[in-house]
Amino acid sequence: MDASFHAFEKEVEDWHWWYRVRRDILDQQLARLQLDPARARLLDVGCGTGGSSLTLARHGQAVALDRSPESFRISLDRPYTHRVVASAGATLPFADASFDVVCALDILEHLDDDVAAAQELYRVCKPGGTIIAYVPAFQMLWGYNDDYSHHKRRYVKSQLSGVLIRAGFEVTESGYFNAVLFLPTLAARLVQRVAPRLTDGMEHSTKPSRFNGVLTSLFRAELPLLRRRG
């Protein structure tokens, strides 16, 4: 990941439509697990600057893992119980069956060997525990943000399910979100390819767009559909 991304992420993740609604989705998924917040342990793998902890900490004791000490330095206000500097692409510094929930939120696409990483997630997850994995979808949507974030790939549903099944997980829920904005996103990616100067910096502005509220509402409109799918 580009070294400047963490500073950008810390600037925007509290208010940006993408981060806000993704936390809503995560909260909805965790609520269905009916965890005991006093006892449950949740691992946030590749936590970045910790925006997800704003949701995770409501459902249990959230432990952060990231390979960048800088990401922790600028996000000490996040409600993690422990912070561990380590790589998601290596052996995780936790005992077997340590966590009730393991979250890999936009992590697997960064790793050369996503199956090996998923096997480590399986190892540290308790029997009967849950992994929640988010990845970017569809190679056709590849854009500047993928290059900036040093992504290795985008996924289709069957591809991600295959990675998790090979690691030992049983896939009980799989699907896509942000469908409402799929076509506008595809159009924006096509413009990036043919006229990159027109969109230079658009995805990494630290100033709220006048469309932020509208995009939040559009994305959030999918929550009832995702609830029924679960």
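For the structure, check the block above.
All values derive from a computational prediction rather than experimental measurement. (Residues numbered from 1 in each chain as written. Predicted model: local features only at pLDDT ≥ 70, side-chain atom pairs only at ≥ 80, totals over all residues. Heavy atoms only, no water.)

**Some points on the overall build of the chain**
In step 1: Secondary structure assignment for the chain yields eleven helices and five strands.
In step 2: Expected size for 230 residues packed as a compact globule is a radius of gyration near 17 Å; at 17 Å, the chain falls within 12% of this value.
In step 3: With 230 residues in all, the chain has 45% of them scored as buried.
In step 4: For the chain, contacts bridging at least 24 residues in sequence account for 69% of all contacts bridging at least 6.
In step 5: Surface exposure of the chain reaches about 11700 Å², of which carbon and sulfur atoms provide 55%.
In step 6: Of the charged side chains in the chain, 28 are positive and 27 negative, and the gap between their average positions amounts to 4 Å. (Helix = DSSP H or I, 4+ residues; strand = E, 2+ residues; numbered from the N terminus. Rg over C-alpha atoms; globule rule 2.2 N^0.38 Å. Buried < 20%, exposed > 50% of the residue type's maximum accessible area, 1.4 Å probe, protein only. Contact = heavy atoms within 4.5 Å. Areas by Shrake-Rupley, 256 points an atom, 1.4 Å probe, with all protein chains shown as cover. Lys, Arg positive; Asp, Glu negative; His and termini not counted. Charge placed at Lys NZ, Arg CZ, Asp CG, Glu CD.)

**Quick word on unusual backbone geometry**
The phi angle of most residues is negative, glycine excepted, and most peptide bonds adopt the trans form.
In step 1: Despite not being glycine, Asp106 shows a phi value in the positive range, around 60°.
In step 2: Of note, Asp106 is situated in the loop between strand E4 (99-105) and helix H5 (114-124).
In step 3: Phi is positive for Phe138, close to 70°, though the residue is something other than glycine.
In step 4: Residue position: Phe138 is located in the loop between strand E5 (125-134) and helix H6 (144-148).

**A word on the pattern of salt bridges**
In step 1: Overall, the coordinates contain 14 salt bridges when judged by the stated rule.
In step 2: Between Arg78 and Asp14 there is a salt bridge, with its nearest N and O atoms 3.0 Å apart. Here Arg78, found in the loop between helix H4 (69-73) and strand E3 (82-85), pairs with Asp14, found in the loop between helix H1 (5-12) and helix H2 (17-33); they are 64 residues apart in sequence, far enough to count as distant.
In step 3: On the basis of relative accessible area, Arg78 is assigned to the buried category, the value being 5%.
In step 4: For Asp14, a relative accessible area of 42% translates into the label partly exposed. (Salt bridge = Lys/Arg side-chain N within 4 Å of Asp/Glu carboxyl O.)

**A word on helix H8 (residues 182-194)**
In step 1: Helix length check: H8 (13 residues) gives 19 Å between terminal C-alpha atoms against 18 Å at 1.5 Å per residue, within 8%.
In step 2: Inspection of H8 places Leu186, Arg189 and Gln192 among the buried residues, and these make up the whole buried set. The buried residues of H8 occupy an angular sector of 115° when projected down its axis, which confines them to one face. Opposite the buried face of H8, at more than 90 degrees from it, the exposed residues are Leu183 and Val194. (Expected span 1.5 Å × (residues − 1). Arc of directions from axis to C-beta.)

**Focus on the pairing of E5**
In regular strands, side chains alternate between the two faces of the sheet.
In step 1: Relative to E5, E4 runs parallel, the two sharing six bridges. Note on E5: the bridge partner recorded for Val102 is Ile131.
In step 2: Note that the unit made of E4, H5 and E5 has a crossover that is right-handed. (Pairing = 2+ DSSP bridges. Right-handed = clockwise from strand over helix to strand, strands pointing away.)

**Remarks on the packing of H2 against helix H10 (residues 212-220)**
In step 1: Relative orientation of the contacting elements H2 and H10 amounts to 25°, with a least axis distance of 9 Å. It follows from the interaxial angle that H2 and H10 lie roughly parallel. Viewed along their axes, H2 and H10 form a crossing whose handedness is right-handed. Of the residues in H10, those touching H2 at Trp17, Trp18, Arg20, Val21, Arg22, Asp24 and Ile25 are Asn212, Leu215, Thr216, Phe219 and Arg220.
In step 2: Residues of the contact of H2 with H10, tallied by class, amount to six nonpolar, two polar and four charged. (Axes fitted to C-alpha atoms, helices over the stretch in contact; angles between N-to-C directions. Parallel < 35°, antiparallel > 145°, perpendicular 65-115°, else oblique. Left-handed = near helix turned anticlockwise from the far one by under 90°. Nonpolar A, V, L, I, M, F, W, Y, C, P; charged D, E, K, R; others polar.)

**Topic: the nonpolar core**
In step 1: The biggest cluster of nonpolar side chains holds 28 residues, and the ones touching the most others in it are Leu43, Val45, Phe94, Val102 and Leu121.
In step 2: At the level of secondary structure, the elements contributing two or more residues to this core comprise strand E1 (41-45), strand E2 (61-66), E4, H5, E5 and helix H7 (157-167).
In step 3: Counting residues per element, this core draws most heavily on H5, which supplies five residues.
In step 4: Not counting residues within four places of it along the chain, the set of residues in contact with Phe94 comprises Leu43, Val63, Leu65, Val84, Phe99, Arg123 and Val124.
In step 5: In terms of nonpolar packing, the next biggest core, distinct from the first, is built from 22 residues, Phe72, Tyr80, Leu105 and Phe219 among them. (Core = buried A, V, L, I, M, F, W, Y, C linked by side-chain atoms within 4.5 Å.)

**Looking at a nonpolar patch on the surface**
In step 1: There is a patch of nonpolar side chains on the surface, built from Val180, Phe211, Val214 and Leu218 and spanning about 330 Å² of accessible area.
In step 2: Along the chain, the position of Val214 falls in helix H10.
In step 3: Judged by relative accessible area, Val214 falls into the partly exposed class, the value being 47%. (Patch = residues over 30% accessible without salt bridge, like charges linked within 9 Å, V, L, I, M, F, W, Y side chains within 5 Å.)

**Brief notes about the side chain of Asn212**
In step 1: Here Asn212 lies in helix H10.
In step 2: By relative accessible area, Asn212 is classed as buried at 9%.
In step 3: Discounting chain neighbours no more than four positions away, the residues touching Asn212 are Trp15, His16, Trp17 and Arg20.

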